[in-house]
Amino acid sequence: MSDTPSFTRLTDLAARDVGGAVVWANDEFFGEKEALIRPELPTFSPHTFGHKGQVVDGWETRRRRPGGPGVQGTEHDSAIIRLGIPGVVRGVTVDTAFFIGNYPPHARVEAASVPGFPTPADLLAAEWTEIVPVSPLSGDCEHHFAVEAAGGAERRFTHVRLAMIPDGGIARFRVYGEPVPDPRFLAGVPVDLAALTNGAQIVAASNMFFSAPENLIKPGESRVMGEGWETARRRDGVGDWIEVRLAAQGVPAVIEIDTANYKGNAPDHIVLLGADRPGEPAGSDWFEVIGQSSMLPDYRHRFRLDDARPVTHLRLEVRPDGGVARLRVLGTLTDSGLAAVQARWQDNA
Ligand SMILES: NC(=O)NC(NC(N)=O)C(=O)[O-]
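Predicted model only: the values in this text are computed from it and were never measured. (Residues numbered from 1 in each chain as written. Predicted model: local features only at pLDDT ≥ 70, side-chain atom pairs only at ≥ 80, totals over all residues.)

(A) Summary view of the overall build of the chain. The secondary structure content of the chain amounts to two helices and 22 strands. Seen through its principal axes, the chain has C-alpha atoms that stretch 70 × 45 × 35 Å. For the chain, the proportion of its 349 residues judged to be buried stands at 42%. Counted over contacts in the chain with a minimum sequence separation of 6, partners at least 24 positions apart contribute 79%. (Helix = DSSP H or I, 4+ residues; strand = E, 2+ residues; numbered from the N terminus. Buried ≥ 20, exposed ≤ 12 C-beta atoms within 10 Å, placed from the backbone. Contact = placed C-beta atoms within 7 Å.)

What follows is the structure in structure tokens.
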């Protein structure tokens, strides 16, 4: 349990900051269900009581009593989470941090793929596939469970259901996996080729001391410094960088490099390189997309590209170091890029 498995380096598809939501729970008497998907680490303030009991940073149900409130029609407590980014699930983490006398002894996870805009009633009636069987939990502990492809076939899921058996508290729930975007929303319109929600992925980074490079391509604005990508102070003059694999091959038209909230720690300048290697990791065949350009603190820098070449990967170099909040790459998929997105969609239907 102490070794952190590699799937935890994938995107947390359920996190609130990528659009996840806890849409239903049969009970949340002591702790609200939405806490499950907060991106921040859980906290605890001992001997802090509200009208309902100890204040907790997690989803916590009441003690189940036969025929008592909150338990009608259920065998155990459960919550349904809408993934912010539908995709293939590779593993989950159930974190019982700070729940010691009140952790659930077992958990189980199921997943479903429900099209459209399902209501909680639609979800309760949906067909669910078990992705983590009933498994023992201990108190105040992170539990990592790898998810095997059901029957050997990979599936794109839109929702997961977390059961705690029979009741208790869970601080955080992470659902790690690979986004699988719906090609209908990427065909024939300008899109952000670097967006996590469109299937882009950060594949390498020089440094992530203060915050994760994946933040660069998350949805929405970066509201505070901690929501961007910030490196440690460099003393070697080498410079920091990230590499992003785009949603698929596309032609970029407008690039945004936003240093929002980096006021005393924006990079001095950047260079943006591109590579066109469909189906392969980017190698050393980089070409210039944006030449050396000065950066201002706390500023959304926009660059218009004319006659750009198709790219599958971009490499953002920041010199000498510092923070960048967001990288946006507005452009259109090429025919072969769209075909790749469609093939992935069909493979995971
Ligand atoms: N001291 C507690 O935490 N008690 C109860 N929980 C809360 N949150 O008050 C309980 O019964 O699990």
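(B) Spatial organisation of the nonpolar core. In this structure, Ile81, Phe173, Ala194, Leu246 and Leu314 are the most contacted members of the largest nonpolar core, which totals 77 residues. Examining the composition of this core, we find that eight residues originate from one element, strand E6 (residues 77-95), more than from any other. Domain assignment of the residues forming this core places at least three in each of domain 1 (6-179) and domain 2 (183-337). Beyond its immediate sequence surroundings of up to four residues, Leu246 is in contact with Leu193, Ala194, Ala200, Val311, Thr312, His313, Leu314 and Val329. (Core = buried A, V, L, I, M, F, W, Y, C linked by C-beta atoms within 7 Å. Domains from an automatic or database assignment.)

(C) Summary view of the domain arrangement of the chain. By the assigned domains, the chain splits into domain 1 (6-179) and domain 2 (183-337). One C-alpha centre belongs to domain 1, the other to domain 2; they are set 32 Å apart. Between domain 1 and domain 2, the residue contacts involve six residues of the former and six residues of the latter. Here the residues of the side of domain 1 that touches domain 2 sort into three nonpolar, two polar and one charged. (Nonpolar A, V, L, I, M, F, W, Y, C, P; charged D, E, K, R; others polar.)

(D) The site of the ligand, seen in detail. Around the ligand, a shell composed of Phe30, Gly53, Gln54, Val56, Glu60, Arg63 and Asn102 is seen. Class assignment for the residues of the shell around the ligand results in two nonpolar, three polar and two charged. (Near = placed C-beta within 6 Å.)

(E) Geometry of the pairing of E6. With 16 of 19 residues buried, E6 is to be regarded as a mostly interior element. Note that strand E2 (residues 21-25) and E6 share four bridges and pair antiparallel. Its bridge partner lying in E6, Trp24 is registered against Ile80. As judged from the seven bridges shared by E6 and strand E10 (residues 157-165), these two strands associate in the antiparallel manner. Within E10, the position partnered with Ala79 by the bridge is Leu162. Pairing analysis gives eight bridges linking E6 to strand E12 (residues 172-179), with the strands arranged antiparallel. What sits directly across from Val89, in E12, is Gly177. Here E6 pairs with strand E9 (residues 142-146) via five bridges, running antiparallel. (Pairing = 2+ DSSP bridges.)

(F) The arrangement of unusual backbone geometry in detail. In the segment running from Ile165 into Pro166, the intervening peptide bond is cis, with an omega of 0°. Checked against the element boundaries, Pro166 lands in the loop between E10 and strand E11 (169-170). Here Arg319 and Pro320 are connected by a cis peptide whose omega angle stands at -5°. Of note, Pro320 is situated in the loop between strand E20 (311-319) and strand E21 (323-324). Phi at Asn261 takes a positive value of approximately 75°, unusual for a residue other than glycine. Examined against the element boundaries, Asn261 turns out to sit in the loop between strand E16 (240-258) and strand E17 (269-275).

(G) Here's a closer look at the UniProt feature "domain: Allantoicase" (unreviewed entry) in the chain. UniProt's entry tags residues 19-179 and 199-332 with the feature "domain: Allantoicase" (unreviewed entry), counted in the numbering of this structure. Within residues 199-332, the helical portion is 0% and the strand portion 48%, while the C-alpha atoms at the span's ends are 14 Å from each other. (UniProt positions renumbered as here; feature names shortened; annotations may be inferred.)

(H) Region of the structure containing the confidence of the model for the chain. Of all residues in the chain, 98% have pLDDT values of 70 or greater, and the mean over the chain is 95. Two summary scores accompany this predicted model of the complex, namely pTM at 0.95 and ipTM at 0.94. (pLDDT = per-residue confidence, 0-100.)

(I) Main features of helix H2 (residues 335-347). Taking 1.5 Å of rise per residue, the 13 residues of H2 would be expected to cover 18 Å, and the 18 Å separating its terminal C-alpha atoms lies within 8% of that figure. Taken together, the buried positions of H2 are occupied by Gly337, Ala340 and Val341. For H2, the angular spread of buried residues about the axis comes to 95°, placing them on one side. Looking at H2, the residues exposed on the side facing more than 90 degrees away from the buried face are Asp335, Ala343 and Gln346. In this structure, the buried side of H2 is in contact with E16 and strand E22 (326-333). (Expected span 1.5 Å × (residues − 1). Arc of directions from axis to C-beta.)

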